[in-house]
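# Summary of structural features
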Amino acid sequence: MSTARDEILQALRANSPTPENHPLPPVATLGDLDASRERFITSLRILGGDVLEPLEGETLDQAIVRRHPDAKVICSNVPEAKGTLPVEKVKTPQDAATIDVTVVRAPFGIAEMGSIFLSEAQLPINSFAHLGQHIVVLLAADQLTANMHTAYQERPEFKTANYGVLMSGPSATADIQGVLIRGAQGVRTLSVWFT
């Protein structure tokens, strides 16, 4: 027996527009379209992040130890860095809280904001990028996009990810007197290693 509710819902479903019949309008491309590595680095540094530049012949593992000499627990989610804690052992936020350095690969960066994008594809648990003390992010320079408008238009991750986070340097907070504290609610440093 069909109820009035069922009939209304059926009518709505039968008469709902489809994307093929009613495509969305194109998104405007706005702002500066400079997607250069230099612009990304400038924006990243303004927000407290930095670039981890390799010394001659240095591996990523060696560069991480040079940047974070006191780190004991290094958890890598990329094959380029071994780390000391296998990523498979990070199953809960409590596990992630013991990490000194987290190493991940970002699928893209946004030059205007010096931001990197991470989603469930890069993070075994969503707190993986936030509970460690430091984060090192691998980023291909050819995967930079100019701004949020171009990122939304060009990057499929915005439409395929269940969740995503844009990180622009370390965590920071400031009080009304303008006292800035970095690492108050998340990572204390964010370093980008260009691949």
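Quick look at the structure, then. (Residues numbered from 1 in each chain as written. Predicted model: local features only at pLDDT ≥ 70, side-chain atom pairs only at ≥ 80, totals over all residues. Heavy atoms only, no water.)

Here we come to the pattern of salt bridges. Oppositely charged side chains may form a pair once their charged atoms are brought near each other. Tallying each qualifying case throughout the model produces eight salt bridges. Glu-53 is the partner of Arg-37 in a salt bridge, and the nearest nitrogen-oxygen pair spans 3.4 Å. Of the two residues, Arg-37 sits in helix α2 (residues 37-46) while Glu-53 sits in the loop between β1 (50-51) and α3 (60-67), which places them 16 residues apart along the sequence. The partner of Asp-50 in a salt bridge is Arg-67, with the nearest N and O atoms 3.8 Å apart. Highlighted residues: Asp-50 in strand β1 and Arg-67 in helix α3, separated in sequence by 17 residues. Looking at Asp-50, the relative accessible area reads 27%, which means it is partly exposed. For Arg-67, a relative accessible area of 27% puts it in the partly exposed group. Here the salt bridges do not stand alone but share partners, grouping Arg-45, Asp-50 and Arg-67 into one network. (Salt bridge = Lys/Arg side-chain N within 4 Å of Asp/Glu carboxyl O. Helix = DSSP H or I, 4+ residues; strand = E, 2+ residues; numbered from the N terminus. Buried < 20%, exposed > 50% of the residue type's maximum accessible area, 1.4 Å probe, protein only.)

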